[in-house]
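# A structural walkthrough
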Amino acid sequence: MSPSYTLRNKKVWVAGDRGLVGSAIVRRLKSEDCEIVTAPREQVDLRRPDQVEKWMRDVRPQAVFLAAARVGGIHANSTRPGEFIYDNLAIQTTVVEACRKVDVEKMLLLGSTCIYPRLAPQPMPEDSLLTGPLEPTNEWYAVAKIAGIKLGQAYRRQYGCDYISAMPTNLYGIGDNFDRLQSHVVPALILKAHEAKLARASHIEVWGTGNVRRELLYVDDAADGMVFLMKNYSDEGIVNIGTGEDVPIRDLVSAVCETVGYQGTPRFDASRPDGTPRKLVDVSRINALGWTAKTSLKDGLALTYRWFLENVASEKRRVA
Ligand code: GFB
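Residues numbered from 1 in each chain as written. Predicted model: local features only at pLDDT ≥ 70, side-chain atom pairs only at ≥ 80, totals over all residues. Heavy atoms only, no water.

## Focus: unusual backbone geometry
- Cis geometry is adopted by the peptide bond preceding P123, which originates at Q122 and carries an omega value of -10°.
- Within the secondary structure layout, P123 lies in the loop between β4 (106-110) and α5 (139-159).
- In this model, R60 sits at a positive phi of 55°, which is unusual for a non-glycine residue.
- Of note, R60 is situated in the loop between α2 (49-59) and β3 (63-66). (Helix = DSSP H or I, 4+ residues; strand = E, 2+ residues; numbered from the N terminus.)

Written out as C-alpha coordinates, the structure is:
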(Lines give C-alpha, C1' and ligand atoms only; values in the text may rest on other atoms or scores of the structure.)
Protein backbone atom coordinates (compact mmCIF):
# COMPACT_ATOMS: atom_id res chain seq x y z
CA MET A 1 0.00 0.00 0.00
CA SER A 2 1.46 3.40 -0.93
CA PRO A 3 2.55 5.41 2.12
CA SER A 4 1.61 8.62 0.31
CA TYR A 5 -2.05 9.61 0.69
CA THR A 6 -3.65 12.84 -0.42
CA LEU A 7 -6.38 14.65 1.46
CA ARG A 8 -6.98 16.97 -1.49
CA ASN A 9 -10.68 17.06 -2.48
CA LYS A 10 -11.43 14.34 0.09
CA LYS A 11 -14.27 14.28 2.56
CA VAL A 12 -12.55 14.09 5.95
CA TRP A 13 -14.39 13.26 9.18
CA VAL A 14 -12.87 14.49 12.42
CA ALA A 15 -14.55 12.39 15.12
CA GLY A 16 -14.31 14.37 18.36
CA ASP A 17 -14.14 17.77 16.68
CA ARG A 18 -15.16 19.60 19.86
CA GLY A 19 -12.33 18.22 21.97
CA LEU A 20 -8.80 19.54 22.47
CA VAL A 21 -7.20 17.43 19.73
CA GLY A 22 -10.16 17.19 17.37
CA SER A 23 -10.61 20.97 17.23
CA ALA A 24 -6.86 21.35 16.53
CA ILE A 25 -7.11 18.81 13.69
CA VAL A 26 -10.02 20.80 12.23
CA ARG A 27 -7.90 24.00 12.40
CA ARG A 28 -4.98 22.23 10.72
CA LEU A 29 -7.12 20.67 7.97
CA LYS A 30 -8.33 24.09 6.84
CA SER A 31 -5.11 24.42 4.82
CA GLU A 32 -5.48 21.00 3.17
CA ASP A 33 -8.00 21.66 0.43
CA CYS A 34 -10.35 19.01 1.75
CA GLU A 35 -13.98 18.99 2.91
CA ILE A 36 -14.14 18.67 6.71
CA VAL A 37 -17.22 16.90 8.04
CA THR A 38 -18.34 16.55 11.65
CA ALA A 39 -21.11 14.48 13.23
CA PRO A 40 -23.70 16.46 15.22
CA ARG A 41 -23.52 15.38 18.85
CA GLU A 42 -27.28 15.41 19.38
CA GLN A 43 -27.77 13.07 16.41
CA VAL A 44 -24.79 10.72 16.66
CA ASP A 45 -23.66 9.04 19.88
CA LEU A 46 -20.28 7.61 18.92
CA ARG A 47 -20.83 4.62 21.21
CA ARG A 48 -23.92 3.58 19.21
CA PRO A 49 -23.22 1.45 16.11
CA ASP A 50 -26.67 2.10 14.60
CA GLN A 51 -26.31 5.89 14.79
CA VAL A 52 -22.68 5.96 13.64
CA GLU A 53 -23.25 3.63 10.70
CA LYS A 54 -26.34 5.50 9.55
CA TRP A 55 -24.56 8.85 9.67
CA MET A 56 -21.50 7.48 7.88
CA ARG A 57 -23.58 5.85 5.13
CA ASP A 58 -25.32 9.19 4.57
CA VAL A 59 -22.15 11.31 4.64
CA ARG A 60 -19.58 8.86 3.17
CA PRO A 61 -16.32 10.22 4.59
CA GLN A 62 -13.19 9.02 2.79
CA ALA A 63 -10.68 9.71 5.54
CA VAL A 64 -11.27 9.64 9.31
CA PHE A 65 -9.36 11.06 12.27
CA LEU A 66 -10.60 9.19 15.34
CA ALA A 67 -9.93 11.84 17.98
CA ALA A 68 -13.08 11.22 20.03
CA ALA A 69 -12.38 9.81 23.47
CA ARG A 70 -13.30 10.01 27.13
CA VAL A 71 -10.25 11.84 28.50
CA GLY A 72 -9.12 13.55 31.67
CA GLY A 73 -6.24 14.05 34.04
CA ILE A 74 -4.87 11.79 36.73
CA HIS A 75 -7.82 12.35 39.12
CA ALA A 76 -10.51 11.79 36.47
CA ASN A 77 -8.79 8.63 35.26
CA SER A 78 -8.46 7.09 38.69
CA THR A 79 -11.92 7.98 40.00
CA ARG A 80 -14.05 7.22 36.89
CA PRO A 81 -12.52 3.93 35.63
CA GLY A 82 -15.85 2.58 34.35
CA GLU A 83 -16.48 5.53 32.03
CA PHE A 84 -12.88 5.59 30.85
CA ILE A 85 -12.80 1.94 29.86
CA TYR A 86 -16.36 1.57 28.56
CA ASP A 87 -16.66 4.80 26.57
CA ASN A 88 -13.28 4.42 24.91
CA LEU A 89 -13.80 0.76 24.01
CA ALA A 90 -17.27 1.52 22.68
CA ILE A 91 -16.26 4.59 20.64
CA GLN A 92 -13.32 2.78 19.06
CA THR A 93 -15.09 -0.48 18.18
CA THR A 94 -18.09 1.41 16.82
CA VAL A 95 -16.14 3.85 14.66
CA VAL A 96 -13.52 1.37 13.42
CA GLU A 97 -16.13 -1.19 12.40
CA ALA A 98 -18.25 1.50 10.71
CA CYS A 99 -15.16 2.69 8.80
CA ARG A 100 -14.71 -0.85 7.47
CA LYS A 101 -18.38 -1.19 6.54
CA VAL A 102 -18.51 2.05 4.55
CA ASP A 103 -15.10 1.52 2.93
CA VAL A 104 -13.26 4.47 4.44
CA GLU A 105 -9.95 4.83 2.56
CA LYS A 106 -7.80 5.75 5.53
CA MET A 107 -8.27 6.11 9.29
CA LEU A 108 -5.97 7.45 11.99
CA LEU A 109 -6.67 6.36 15.57
CA LEU A 110 -5.33 8.41 18.45
CA GLY A 111 -3.76 6.58 21.33
CA SER A 112 -1.82 7.93 24.27
CA THR A 113 1.60 7.38 25.77
CA CYS A 114 0.02 5.89 28.89
CA ILE A 115 -0.27 2.67 26.84
CA TYR A 116 3.40 2.02 27.59
CA PRO A 117 4.53 0.20 30.74
CA ARG A 118 4.88 2.35 33.86
CA LEU A 119 8.60 1.62 33.96
CA ALA A 120 9.31 1.52 30.21
CA PRO A 121 12.84 2.44 29.08
CA GLN A 122 13.23 6.21 28.52
CA PRO A 123 12.72 7.55 25.94
CA MET A 124 9.95 5.01 25.30
CA PRO A 125 10.23 3.30 21.92
CA GLU A 126 7.08 2.12 20.15
CA ASP A 127 8.11 -1.52 20.63
CA SER A 128 7.96 -1.23 24.43
CA LEU A 129 4.16 -1.67 24.12
CA LEU A 130 2.95 -4.69 26.15
CA THR A 131 6.33 -5.42 27.71
CA GLY A 132 5.38 -4.66 31.33
CA PRO A 133 2.69 -3.59 33.84
CA LEU A 134 0.78 -0.33 33.29
CA GLU A 135 0.57 2.74 35.55
CA PRO A 136 -2.37 1.99 37.94
CA THR A 137 -3.84 5.55 37.89
CA ASN A 138 -4.72 5.23 34.21
CA GLU A 139 -4.73 1.54 33.37
CA TRP A 140 -8.42 1.54 32.41
CA TYR A 141 -7.88 4.21 29.79
CA ALA A 142 -4.62 2.58 28.69
CA VAL A 143 -6.22 -0.86 28.28
CA ALA A 144 -8.98 0.65 26.13
CA LYS A 145 -6.44 2.51 23.99
CA ILE A 146 -4.32 -0.64 23.57
CA ALA A 147 -7.46 -2.47 22.44
CA GLY A 148 -8.07 0.31 19.90
CA ILE A 149 -4.55 -0.03 18.51
CA LYS A 150 -4.93 -3.80 18.25
CA LEU A 151 -8.33 -3.41 16.57
CA GLY A 152 -6.80 -1.23 13.86
CA GLN A 153 -3.88 -3.62 13.38
CA ALA A 154 -6.20 -6.63 13.18
CA TYR A 155 -8.38 -4.93 10.55
CA ARG A 156 -5.27 -4.05 8.56
CA ARG A 157 -4.15 -7.70 8.65
CA GLN A 158 -7.48 -9.37 7.99
CA TYR A 159 -9.32 -6.87 5.79
CA GLY A 160 -6.46 -4.80 4.32
CA CYS A 161 -7.83 -1.59 5.88
CA ASP A 162 -5.39 1.33 5.80
CA TYR A 163 -5.68 2.12 9.51
CA ILE A 164 -2.81 3.70 11.44
CA SER A 165 -2.32 4.69 15.09
CA ALA A 166 -0.50 7.70 16.56
CA MET A 167 0.61 8.00 20.19
CA PRO A 168 0.75 11.66 21.17
CA THR A 169 2.48 12.53 24.41
CA ASN A 170 0.74 14.72 27.07
CA LEU A 171 -1.04 17.52 25.19
CA TYR A 172 -2.09 21.03 26.18
CA GLY A 173 -3.22 24.13 24.37
CA ILE A 174 -6.12 26.25 23.25
CA GLY A 175 -9.53 24.63 23.71
CA ASP A 176 -8.36 22.62 26.72
CA ASN A 177 -10.60 21.67 29.65
CA PHE A 178 -9.84 24.06 32.51
CA ASP A 179 -11.59 22.14 35.28
CA ARG A 180 -9.81 22.27 38.63
CA LEU A 181 -10.37 18.58 39.39
CA GLN A 182 -10.91 16.72 36.10
CA SER A 183 -8.36 18.40 33.84
CA HIS A 184 -4.74 17.66 32.97
CA VAL A 185 -1.86 19.37 34.72
CA VAL A 186 -1.28 22.37 32.41
CA PRO A 187 -4.84 23.76 32.38
CA ALA A 188 -5.19 23.00 36.11
CA LEU A 189 -2.02 24.96 36.92
CA ILE A 190 -3.01 27.87 34.67
CA LEU A 191 -6.39 28.10 36.41
CA LYS A 192 -4.86 27.86 39.88
CA ALA A 193 -2.09 30.41 39.20
CA HIS A 194 -4.54 32.83 37.57
CA GLU A 195 -7.04 32.64 40.43
CA ALA A 196 -4.27 32.94 43.03
CA LYS A 197 -2.94 36.02 41.24
CA LEU A 198 -6.36 37.69 41.32
CA ALA A 199 -6.89 36.74 44.96
CA ARG A 200 -3.33 37.79 45.88
CA ALA A 201 -2.92 34.36 47.49
CA SER A 202 0.51 33.45 48.82
CA HIS A 203 0.62 29.92 47.40
CA ILE A 204 -0.98 27.47 44.99
CA GLU A 205 -1.60 23.82 45.67
CA VAL A 206 0.22 21.40 43.35
CA TRP A 207 -0.56 17.68 43.38
CA GLY A 208 2.17 15.13 44.03
CA THR A 209 5.86 15.63 44.82
CA GLY A 210 6.69 17.78 41.80
CA ASN A 211 9.56 15.42 41.00
CA VAL A 212 7.94 13.34 38.26
CA ARG A 213 8.54 14.41 34.69
CA ARG A 214 6.18 15.03 31.78
CA GLU A 215 6.73 15.70 28.11
CA LEU A 216 4.29 18.37 26.92
CA LEU A 217 3.31 18.91 23.32
CA TYR A 218 1.34 21.93 22.10
CA VAL A 219 -1.89 20.65 20.57
CA ASP A 220 -1.49 22.37 17.19
CA ASP A 221 1.86 20.61 16.78
CA ALA A 222 0.17 17.30 17.65
CA ALA A 223 -2.52 17.94 15.01
CA ASP A 224 0.15 18.80 12.45
CA GLY A 225 1.94 15.52 13.25
CA MET A 226 -1.28 13.57 12.80
CA VAL A 227 -2.05 15.15 9.43
CA PHE A 228 1.56 14.44 8.45
CA LEU A 229 1.15 10.75 9.36
CA MET A 230 -2.17 10.53 7.53
CA LYS A 231 -0.42 11.71 4.38
CA ASN A 232 2.94 9.99 4.74
CA TYR A 233 2.60 6.81 6.78
CA SER A 234 0.87 3.51 6.14
CA ASP A 235 1.94 0.62 8.32
CA GLU A 236 0.89 -1.55 11.24
CA GLY A 237 3.42 -0.09 13.70
CA ILE A 238 2.27 2.66 16.03
CA VAL A 239 4.04 6.05 15.85
CA ASN A 240 4.92 8.33 18.78
CA ILE A 241 4.35 12.08 18.50
CA GLY A 242 6.27 14.26 20.93
CA THR A 243 8.92 16.91 21.38
CA GLY A 244 11.72 14.64 22.63
CA GLU A 245 12.08 16.72 25.83
CA ASP A 246 10.44 16.56 29.24
CA VAL A 247 10.39 18.68 32.40
CA PRO A 248 9.90 17.98 36.11
CA ILE A 249 6.43 19.09 37.26
CA ARG A 250 8.25 21.50 39.63
CA ASP A 251 9.77 23.34 36.61
CA LEU A 252 6.47 23.26 34.77
CA VAL A 253 4.86 25.02 37.75
CA SER A 254 7.53 27.76 37.58
CA ALA A 255 7.00 28.15 33.84
CA VAL A 256 3.21 28.44 34.25
CA CYS A 257 3.55 30.96 37.11
CA GLU A 258 5.89 33.05 35.02
CA THR A 259 3.48 32.98 32.06
CA VAL A 260 0.56 33.99 34.26
CA GLY A 261 2.58 36.58 36.18
CA TYR A 262 1.93 34.97 39.55
CA GLN A 263 4.67 35.34 42.13
CA GLY A 264 3.47 33.11 44.99
CA THR A 265 4.96 29.76 45.87
CA PRO A 266 3.82 26.22 45.04
CA ARG A 267 2.81 23.98 47.93
CA PHE A 268 3.26 20.35 46.93
CA ASP A 269 0.63 17.94 48.25
CA ALA A 270 2.38 14.56 48.33
CA SER A 271 -0.85 12.85 49.44
CA ARG A 272 -2.03 13.28 45.84
CA PRO A 273 -0.75 10.74 43.30
CA ASP A 274 2.30 11.40 41.14
CA GLY A 275 1.36 8.81 38.52
CA THR A 276 4.02 7.59 36.10
CA PRO A 277 7.51 8.73 37.16
CA ARG A 278 8.50 9.58 33.61
CA LYS A 279 7.01 9.12 30.13
CA LEU A 280 9.26 10.68 27.55
CA VAL A 281 8.57 9.24 24.11
CA ASP A 282 11.16 8.14 21.60
CA VAL A 283 10.42 10.33 18.59
CA SER A 284 13.03 8.89 16.26
CA ARG A 285 10.45 7.10 14.09
CA ILE A 286 8.42 10.22 13.26
CA ASN A 287 11.59 12.37 13.01
CA ALA A 288 13.01 9.90 10.45
CA LEU A 289 9.79 10.24 8.42
CA GLY A 290 10.45 14.01 8.29
CA TRP A 291 8.38 15.56 11.10
CA THR A 292 9.41 17.46 14.25
CA ALA A 293 7.50 19.58 16.79
CA LYS A 294 7.88 23.35 16.47
CA THR A 295 6.32 25.15 19.43
CA SER A 296 8.44 25.67 22.56
CA LEU A 297 6.87 25.16 25.97
CA LYS A 298 7.23 28.89 26.69
CA ASP A 299 5.38 29.88 23.50
CA GLY A 300 2.77 27.14 23.93
CA LEU A 301 2.00 28.26 27.49
CA ALA A 302 1.72 31.90 26.38
CA LEU A 303 -0.74 30.96 23.59
CA THR A 304 -2.76 28.81 25.98
CA TYR A 305 -2.93 31.47 28.69
CA ARG A 306 -4.04 34.09 26.19
CA TRP A 307 -6.82 31.76 25.00
CA PHE A 308 -7.79 31.07 28.61
CA LEU A 309 -8.07 34.81 29.34
CA GLU A 310 -10.19 35.43 26.26
CA ASN A 311 -12.45 32.39 26.53
CA VAL A 312 -12.55 30.89 30.01
CA ALA A 313 -11.68 33.68 32.47
CA SER A 314 -13.88 36.21 30.65
CA GLU A 315 -16.79 33.73 30.62
CA LYS A 316 -16.40 33.10 34.37
CA ARG A 317 -16.46 36.88 34.96
CA ARG A 318 -19.60 37.23 32.84
CA VAL A 319 -21.45 34.48 34.73
CA ALA A 320 -20.34 35.71 38.21
O1 GFB B 1 -1.75 15.81 33.52
P2 GFB B 1 -2.00 14.81 34.56
O3 GFB B 1 -3.30 14.84 35.24
O4 GFB B 1 -1.82 13.39 33.92
O5 GFB B 1 -0.87 14.95 35.72
P6 GFB B 1 -0.80 12.16 33.81
C7 GFB B 1 0.49 15.05 35.44
C8 GFB B 1 1.26 15.25 36.74
O9 GFB B 1 0.99 16.56 37.24
C10 GFB B 1 0.93 14.26 37.86
C11 GFB B 1 0.67 16.49 38.61
O12 GFB B 1 2.09 13.92 38.55
C13 GFB B 1 0.02 15.11 38.75
O14 GFB B 1 0.01 14.69 40.10
N15 GFB B 1 -0.18 17.62 39.01
C16 GFB B 1 0.19 18.60 39.86
C17 GFB B 1 -1.44 17.85 38.63
N18 GFB B 1 -0.82 19.44 40.08
C19 GFB B 1 -1.85 19.00 39.32
C20 GFB B 1 -3.19 19.48 39.14
O21 GFB B 1 -3.63 20.46 39.71
N22 GFB B 1 -3.97 18.77 38.25
C23 GFB B 1 -3.49 17.67 37.59
N24 GFB B 1 -4.31 17.04 36.71
N25 GFB B 1 -2.25 17.19 37.78
C26 GFB B 1 -2.77 11.33 32.40
C27 GFB B 1 -3.49 10.02 32.30
O28 GFB B 1 -1.73 11.07 33.25
O29 GFB B 1 -2.20 11.76 31.19
C30 GFB B 1 -4.25 9.86 31.07
O31 GFB B 1 -4.25 9.88 33.48
C32 GFB B 1 -3.55 10.36 29.83
O33 GFB B 1 -4.55 8.51 30.92
C34 GFB B 1 -2.97 11.71 30.07
O35 GFB B 1 -2.55 9.46 29.42
C36 GFB B 1 -2.20 12.23 28.88
O37 GFB B 1 0.29 12.50 32.88
O38 GFB B 1 -0.34 11.68 35.15
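## Concerning the pairing of strand β5 (residues 163-168)
- The element β5 is largely enclosed, with a buried count of six among its six residues.
- Where burial is concerned, the two faces of β5 agree: the one with Y163, S165 and M167 and the one with I164, A166 and P168 are both buried.
- Pairing of β4 with β5, which is carried by four bridges, proceeds in the parallel orientation. If you follow M107 over to β5, its bridge partner there is Y163.
- Taken together, the three bridges between β5 and strand β10 (residues 239-241) define a ladder with parallel strand orientation. Bridge pairing links P168 to I241 in β10. (Buried < 20%, exposed > 50% of the residue type's maximum accessible area, 1.4 Å probe, protein only. Pairing = 2+ DSSP bridges.)

## Notes on the pairing of β4
- Burial of β4 is extensive: five of the five residues sit out of reach of the surface.
- On β4, burial covers both faces: K106, L108 and L110 on one face and M107 and L109 on the other are all buried.
- As defined by bridge partners, β3 adjoins β4 across four bridges and the pair is classed as parallel. Directly across from F65, in β4, lies its bridge partner L108.
- In this view, the connection linking β4 to its parallel neighbour β5 by way of α5 has right-handed handedness. (Right-handed = clockwise from strand over helix to strand, strands pointing away.)

## What about the packing of helix α1 (residues 20-29) against helix α7 (residues 219-232)?
- Two numbers describe how α1 lies on α7: the axes approach to 8 Å, and their chain directions differ by 65°. Classified by chirality, the crossing of α7 by α1 is right-handed. Between α1 and α7, the contacting residues are L20, V21, A24, I25, R27, R28 and L29 on the first element and V219, D220, A223, D224, M226, V227 and K231 on the second.
- A class-by-class count of the residues in the contact of α1 with α7 yields nine nonpolar, no polar and five charged. (Axes fitted to C-alpha atoms, helices over the stretch in contact; angles between N-to-C directions. Left-handed = near helix turned anticlockwise from the far one by under 90°. Contact = heavy atoms within 4.5 Å. Nonpolar A, V, L, I, M, F, W, Y, C, P; charged D, E, K, R; others polar.)

## Quick notes on the site of the ligand
- As a matter of local geometry, the ligand sits amid 22 residues, with I74, K192, R214, P273 and D274 nearest to it.
- One of the side-chain N or O atoms of N170 is found 2.8 Å from an oxygen atom in the ligand.
- Between the ligand and D274 there is a distance of 2.6 Å, counted from an oxygen atom to a backbone nitrogen or oxygen.
- Bound to the protein, the ligand loses 97% of the 700 Å² it would expose on its own.
- Elements supplying a minimum of two residues to the shell around the ligand: α3 (74-79), α6 (185-199) and β7 (203-207).
- The dominant element in the shell around the ligand, judged by the number of residues it contributes, is α6, at three residues.
- When its residues are assigned to classes, the shell around the ligand shows 10 nonpolar, eight polar and four charged. (Near = heavy atom within 4 Å. Polar contact = N/O pair within 3.5 Å; in protein donor to acceptor, adjacent residues only side chain to side chain. Areas by Shrake-Rupley, 256 points an atom, 1.4 Å probe, with all protein chains shown as cover.)

## Some words on the side chain of E215
- Topologically, E215 is positioned in the loop between β8 (213-214) and β9 (216-218).
- A distance of 2.8 Å separates a polar atom in the side chain of E215 from the backbone nitrogen of G244.
- A distance of 2.8 Å separates the side chain of E215 from the backbone nitrogen of V281, its partner in a polar contact.
- Leaving out residues up to four positions away in the same chain, E215 has contacts with T169, N170, G242, T243, G244, E245, D246, K279, L280 and V281.

## A look at the nonpolar core
- Counting residues in each nonpolar core, the largest one holds 44 residues, and the members touching the most others are I25, M226 and L229.
- Elements with a contribution of two residues or more to this core: β1 (11-15), α1, β3, β4, α5, β5, α7 and β10.
- If one sorts the elements of this core by residue count, α7 sits on top with eight residues.
- With residues up to four places along the chain from it excluded, the contact list for L229 reads K106, L108, I164, A166, V239, I241, I286 and L289. (Core = buried A, V, L, I, M, F, W, Y, C linked by side-chain atoms within 4.5 Å.)

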